[in-house]
Amino acid sequence: MFEIMNGVKEKFNEFINEGKNDLKKIKEPKDLAKQIPNLLTLSRLFLIPFIVGNILSGNLITAGLISLGASATDFLDGKVARTLDASSTFGAKLDAVVDKIFITTVTIPLFITNPYLIIPVLLDMTIASINGYAHVLGIQTETSMIGKIKTVFLDSLICSVFFTKFKVIDNISKALYFSTIALQLKTAKDYYKTYIKKNLNNLDGSTLPKNEESLKLDDEETKTVELEKTKNVKLEDSKSSELDSLMELKKELQKTKDNNEQVIEPNKIKVKKNDIF
């Protein structure tokens, strides 16, 4: 549990640092233009108080129109980012975070008159939890096509709720409700299989898989250890070879000494015989 919390804290700090690095890149007006997609994303957060205020005041039509404008920014931020060649990892993460905050905070006041909305909201939070847990595990996630379609349906559902006093839109809202839930269940299942289930075998008890940086460090440490082992083996072989050479040299010296002694001994004997005669 503590490891998961530390992982969440680490990812949050990483997200904040990515945002700071993006701001540091703003040195010229053209650099500021590349922040337009992020500004469009953040605009949804600034619209939340106006939407909630109108919901609580009973001005559902006004709240719905503002929500439609906010949903439009969700489509525009990605398109503008691609047009300006300003796509970034931070922008993608910011968009996902803002989406979850927007949907949750706007929908909660609607529970009073539309309690059935709690189901799609909880399902969307479940999907966010799966993605968040995958990030904590160091797994890079990507939004699937079914996930993108789910988001469009969910946004449409929330916007339609504001206009249910119109019979046609009320019928569309009911169809969107069940379609959204089906898409959310499919998305949650796919994300769980892709990002969590396949990586459960890599888990050892409560130990979390290491992130890419840790794995690189481990690889470097392993290579270093293997290199040291190779050096030690070569050193051992070298010492063994030197020892064998010394043993051979010792044997040769011993043989030479023995031969010299054999030559000297007869000479000594011969000398003694001459002395006698």
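Here the structure is shown first, and the text comes after it.
Just so we're clear, the structure is a prediction, and the values are computed from it rather than from any experiment.

## Brief notes about the overall build of the protein chain
Thought 1: When its secondary structure is counted, the protein chain shows nine helices and zero strands.
Thought 2: Element order for the protein chain, N to C, with α for helix and β for strand: α-α-α-α-α-α-α-α-α.
Thought 3: When contacts within the protein chain are restricted to residue pairs at least 6 apart in sequence, long-range pairs at least 24 apart make up 78% of them.
Thought 4: Summing over all exposed atoms, the protein chain offers an accessible surface of approximately 18900 Å²; the carbon and sulfur share of this is 62%.

## A short note on empty space enclosed by the protein
Thought 1: With the rule as written, the count across this model stands at one cavity of 30 Å³ or more.
Thought 2: Considering only enclosed or pocket space, the largest cavity measures out at about 40 Å³ in volume.
Thought 3: Arg44, Ala70, Ser71, Asp74, Asp99, Phe102, Ile103 and Asp155 are the residues that line the largest cavity.
Thought 4: Those elements that place two or more of their residues in the lining of the largest cavity are helix H4 (60-83) and helix H5 (89-107).
Thought 5: Looking at the lining of the largest cavity, its residues break down into three nonpolar, one polar and four charged.

## Comments concerning the packing of aromatic side chains
Thought 1: With the rule as written, the count across this model stands at three aromatic pairs.
Thought 2: Pairing Tyr116 with Tyr177 gives two aromatic rings, centres 5.2 Å apart and planes at 90 degrees, and the pair type is edge-to-face. With Tyr116 in the loop between H5 and helix H6 (118-136) and Tyr177 in helix H8 (residues 167-196), this pair connects stretches of sequence that are 61 residues apart.
Thought 3: On the basis of relative accessibility, which here comes to 32%, the residue Tyr116 falls in the partly exposed class.

## Thoughts on H6
Thought 1: The end-to-end C-alpha distance of H6 is 26 Å, a good match for the 27 Å that 19 residues give at a rise of 1.5 Å each.
Thought 2: Listed in full, the buried residues belonging to H6 are Pro120, Val121, Leu123, Asp124, Ile127, Ile130, Asn131, Ala134 and Val136.
Thought 3: Positive phi shows up at Gly138, right after H6, with a value of about 85 degrees.

Here is what the cut-offs are and how they apply
- Residues numbered from 1 in each chain as written.
- Predicted model: local features only at pLDDT ≥ 70, side-chain atom pairs only at ≥ 80, totals over all residues.
- Heavy atoms only, no water.
- Helix = DSSP H or I, 4+ residues; strand = E, 2+ residues; numbered from the N terminus.
- Contact = heavy atoms within 4.5 Å.
- Areas by Shrake-Rupley, 256 points an atom, 1.4 Å probe, with all protein chains shown as cover.
- 1 Å grid on protein atoms, 1.4 Å probe; cavity = no way out; pocket = protein on both sides within 12 Å on 5 of 7 lines; lining within 4 Å.
- Points joined across faces, edges and corners; volume = space filled by probe spheres on them.
- Nonpolar A, V, L, I, M, F, W, Y, C, P; charged D, E, K, R; others polar.
- Phe/Tyr/Trp six-rings, centres within 6.5 Å; stacked < 30°, edge-to-face > 60°.
- Buried < 20%, exposed > 50% of the residue type's maximum accessible area, 1.4 Å probe, protein only.
- Expected span 1.5 Å × (residues − 1).

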